[in-house]
Amino acid sequence: MSKKNKQTIRLIIVNLFFILICFGVLIPILYAFSVSLNAENSLLGANFSFLPKRMTLQNYKAVFTEKPILLWFKNSMILAVVTLVISLGTGIPAAYAFSRKRFPGRKLILKILILLYAFPSLLSMMALYKLLSPMGLINTKTGLIIVYTGTMAVFALWNMKGYFDTIPVEIEEAARIDGASQFRLVTGIVLPLAKPTIAVTAMMILVYVWNEYIFAINFMTGSDTYTLAAGLYSLQATEMSGSWPVFSAASLVVSLPILIVFFALQKNMTTGLTSGGVKG
Amino acid sequence: MKKQQHTDREKKKIRRETLSAYGQSLPSLLLILLIVIFPIIYTGYISLTNMNVYHWNNYELIGLENYKDALLVFDNGFLTALFVTILWTIVNMVLQLVIAYGIAMLLNTKGLRLRNVYRTLLIFPWAMPGYVSILLWKTGMYNSQFGLLNQWIQKLGGEPVRWLGSNVLAFISCTVVNLWLALPFMITIIDGALQSLDKSFYESAVLDGATWLEQTRYITIPMIKPIIAPSVLITTFTTFKQFDIIYLLTQQVGAKTGADIHTILTYAYEKAFITNNYGYSSAISILIFGMLLVFSMLTSAKSREEV
């Protein structure tokens, strides 16, 4: 066999391998998608196929009309936006100070921050509960916002500090020599340069709040106070009960914004995160 | 005298810079101190008490009793959970690295035109919200009545399997889900590292008659190692700290599947929120935190040596 033929056969095999693997990887999502569209609801039928014979949007309609998903969405958005504003508002100046200024205690604080980053907030959930409950903050949005802001404050400070480190300080020095004020310097030069990291950090905070369920289900008790994640958690079909088609429709609805954000930011993701040296 | 003035001014400048730095970072540091550090210290305090559901307010200090219970009484389950966690981390990391390396190598096959299409499809699981994927796996794939796996088995004439019903099978099922979730990131990292390699090394190796295996062993792996090391390290930490997969698949409240595997994190959670043994659970939390501290100090010391 000639070398070229051999090469072609190899390429065909590799392509086949990838087609199989890609399909295999997507099966759980495709299955959920197909179930959510299937009009016959014949889950137990032996003739399941990925393309339902009769399609329906009934399950999606049920998600929006029978379940308080819009209320959960509103709750999630409020939590996300407030957490975002506080984390960025406190994080940006702090990250800038830690990147640009040298002062006693800086190294020690940075070291402590790395260690805190390794600490799963789940482990202090009990203590947080015990601390928030006498203040009447359990089952309130404020309570969850406090927890989320603390967790994200460490991430925001550390991630953005890493990015500020990569911006050459000479740019600012040049502007200072040109007579720019401190305020002008920050709003006119530093912030525009830091846009990628601010965008990625903001996205990571939104995604975190969007996906966080364990604090939400333990700290919130009524289904009208649930976030999207907690709500979806409560919708799941168990072995015995629950509607799997409606659940799969709800899952896909909840995932869609995250998917869009992920693929839109995929390029920024690597630069905005890797330079900070942490993965979200 | 003049010099004295000079250093005075210098000192003033340092003081001013310190003040403004702390001024700028005060809100952020205060948040971290109050919401992150203080609860950890408080957890440490609770771990020295007998706080539980009967002693929610009238608890008392009992010294290191909880730590003794965790570390010396084997039947309490902490040591088993620790063992499972270590096994889980090793199995998952080895499989992840081997599979991701294989797939990344194949993605770099010369002349593979659809490379980017495959890559995009393969990173799909990374883009999905993790807990949603886990729940979809739980119901869609593993459910013993209408899960896809059992539908296939039944079609082939087999008996339905309770995938999450026994320890070993549940461990394997959880590993599959973890690989599904984690491989996209690892493939991306290794693929990126492979792309950055200088191809000329291979040309001379081929001239010297090196086989594919020799090339892999002596060129590829040593060259990508420093590039992927930080990501591998971070992934090892996340694998060690894994909670969602095992909790959501096997031990949700009211929906336990029968398997009894615990990682240290699900163990700490169960002791706090299911059996309500707060003091004991806090001791577990502090032990885990201690382990993570030691790991991250060791690894950061090591990476500093290498740089």
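Residues numbered from 1 in each chain as written. Chains lettered and ligands numbered in written order. Predicted model: local features only at pLDDT ≥ 70, side-chain atom pairs only at ≥ 80, totals over all residues.

K.L.:
Just give me the short version of the overall build of chain B, but keep the residues and values in it.
P.N.:
Looking only at helices and strands, chain B has 13 helices and zero strands in total. When the helices and strands of chain B are listed from N to C terminus, the series reads α-α-α-α-α-α-α-α-α-α-α-α-α. Here the C-alpha radius of gyration of chain B, 26 Å, is well above what a compact globule of 307 residues would show, namely 19 Å. Along the first, second and third principal axes, the C-alpha atoms of chain B reach 80 × 65 × 35 Å. Going through the 307 residues of chain B one by one, you find that 36% of them count as buried. In chain B, the proportion of contacts linking residues at least 24 apart, taken out of those at least 6 apart, comes to 67%. (Helix = DSSP H or I, 4+ residues; strand = E, 2+ residues; numbered from the N terminus. Rg over C-alpha atoms; globule rule 2.2 N^0.38 Å. Buried ≥ 20, exposed ≤ 12 C-beta atoms within 10 Å, placed from the backbone. Contact = placed C-beta atoms within 7 Å.)

K.L.:
Could you give an account of the overall build of chain A, with specific residues and numbers?
P.N.:
In terms of regular secondary structure, chain A is built from 12 helices and zero strands. Reading the helices (α) and strands (β) of chain A from amino to carboxyl end gives α-α-α-α-α-α-α-α-α-α-α-α. Here chain A, with 280 residues, has 39% of them falling under the buried criterion. A sequence separation of at least 24 residues applies to 71% of the contacts in chain A between residues at least 6 apart.

K.L.:
Describe the interface of chain B and chain A, and please don't skip the residues or the numbers.
P.N.:
If you look at the interface, chain B gives 68 residues, while chain A gives 68 residues. By residue number, the principal contributor to the side of chain B that touches chain A is helix 1 (residues 2–46) of chain B, which donates 17 residues. Within the side of chain B that touches chain A, the residues separate by chemical class into 45 nonpolar, 20 polar and three charged. (Nonpolar A, V, L, I, M, F, W, Y, C, P; charged D, E, K, R; others polar.)

K.L.:
Tell me what's going on with helix 9 (residues 195–211) of chain A, and back it up with residues and numbers.
P.N.:
Residues spaced three or four apart along an α-helix face the same direction, because each turn holds 3.6 residues. The first and last C-alpha atoms of helix 9 of chain A sit 24 Å apart over 17 residues, in line with the 24 Å expected at 1.5 Å per residue. For helix 9 of chain A, the complete set of buried residues consists of Thr197(A), Ile198(A), Val200(A), Thr201(A), Met203(A), Met204(A), Ile205(A), Leu206(A), Val209(A), Trp210(A) and Asn211(A). (Expected span 1.5 Å × (residues − 1).)

K.L.:
I'd like a description of the nonpolar core, backed by residues and values.
P.N.:
The biggest cluster of nonpolar side chains holds 135 residues, and the ones touching the most others in it are Ala216(A), Ala250(A), Ile190(B), Ala268(B) and Ile284(B). Here this core gets 14 residues from one element, more than from any other, and that element is helix 6 (residues 141–166) of chain A. (Core = buried A, V, L, I, M, F, W, Y, C linked by C-beta atoms within 7 Å.)

K.L.:
Tell me what's going on with the confidence of the model for chain A, and back it up with residues and numbers.
P.N.:
Fine structural detail should not be taken from predicted coordinates in areas where pLDDT scores are low. Confidence in the prediction of chain A, expressed as mean pLDDT, is 85, and 89% of residues score 70 or more. Looking over chain A, one finds the lowest element-wise mean pLDDT in helix 12 (residues 244–274) of chain A, namely 79, and the highest in helix 3 (residues 69–100) of chain A, namely 93. (pLDDT = per-residue confidence, 0-100.)

K.L.:
So what's going on with the domain arrangement of chain A? Residues and values would help.
P.N.:
When the parts come together, some accessible area is lost, and that loss is often what is quoted as the size of the interface. All names here are of chain A. For chain A, the assigned domains are domain 1 (3–56) and domain 2 (63–274). With seven residues of domain 1 in contact, the opposing surface of domain 2 contributes six residues. Residue classes in the side of domain 1 that touches domain 2 are distributed as four nonpolar, three polar and no charged. (Domains from an automatic or database assignment.)

K.L.:
Go over the environment of Ile41(B) with me, naming the residues and quoting the values.
P.N.:
Turning to its location among the elements, Ile41(B) is positioned in helix 1. A C-alpha to C-alpha distance of 26 Å links Ile41(B) and Ala21(B), two positions 20 residues apart in sequence.

K.L.:
Quick rundown of unusual backbone geometry? Include the residues and the values.
P.N.:
Its identity as a non-glycine residue notwithstanding, Asn139(A) has a phi of 65°, on the positive side. By the secondary structure assignment, Asn139(A) is in the loop between helix 5 (125–132) and helix 6. Within the chain, Asn276(B) stands out as a residue other than glycine whose phi angle is a positive 55°. Along the chain, Asn276(B) turns up in the loop between helix 12 (264–273) and helix 13 (278–306).

K.L.:
Mind laying out the packing of helix 1 (residues 3–37) of chain A against helix 4 (residues 115–122) of chain B, listing which residues take part and the relevant values?
P.N.:
Where helix 1 of chain A meets helix 4 of chain B, the closest approach of the two axes is 9 Å, and the angle between their N-to-C directions is 20°. With respect to each other, helix 1 of chain A and helix 4 of chain B are oriented roughly parallel. The two elements helix 1 of chain A and helix 4 of chain B meet at a crossing, and its hand is left-handed. Taken together, the residues of helix 4 of chain B that come into contact with helix 1 of chain A (itself represented by Phe18(A), Cys22(A), Val25(A) and Leu26(A)) are Tyr118(B), Leu121(B) and Leu122(B). (Axes fitted to C-alpha atoms, helices over the stretch in contact; angles between N-to-C directions. Parallel < 35°, antiparallel > 145°, perpendicular 65-115°, else oblique. Left-handed = near helix turned anticlockwise from the far one by under 90°.)

K.L.:
If you had to explain the confidence of the model for chain B to someone new, which residues and values would you point to?
P.N.:
All names here are of chain B. Within chain B, residue pLDDT values average 89, and 96% of them lie at 70 or more. When the elements of chain B are averaged for pLDDT, helix 9 (residues 200–207) gives the smallest value, 80, and helix 3 (residues 78–107) the largest, 96. Across the whole predicted complex the pTM is 0.87, and at the interface the ipTM reaches 0.85.

K.L.:
I'd love a proper account of the packing of helix 6 of chain A against helix 9 of chain A, names of residues and values included.
P.N.:
Residue and element names in this part refer to chain A. Their axes nearest at 10 Å, the elements helix 6 and helix 9 cross at an angle of 155°. When the interaxial angle is binned, helix 6 and helix 9 end up roughly antiparallel. In terms of crossing hand, the pair formed by helix 6 and helix 9 is right-handed. Facing Tyr 148, Met 152, Phe 155, Ala 156, Asn 159, Met 160 and Tyr 163 of helix 6, the residues of helix 9 in contact are Thr 197, Thr 201, Met 204, Ile 205, Tyr 208 and Val 209. When the residues that make up the contact of helix 6 with helix 9 are grouped by side-chain class, the tally is 10 nonpolar, three polar and no charged.

K.L.:
Give me the lowdown on the environment of Leu113(A), citing residues and values where you can.
P.N.:
All names here are of chain A. Relative to the helices and strands, Leu 113 is located in helix 4 (residues 106–117). The partly exposed category is assigned to Leu 113, around which 19 C-beta atoms lie within 10 Å. The spacing of Leu 113 and Phe 155 is 42 residues in sequence and 8.8 Å in space, taken between C-alpha atoms. Not counting the four nearest positions on each side in its chain, Leu 113 is found in contact with Val 154, Leu 157 and Trp 158.

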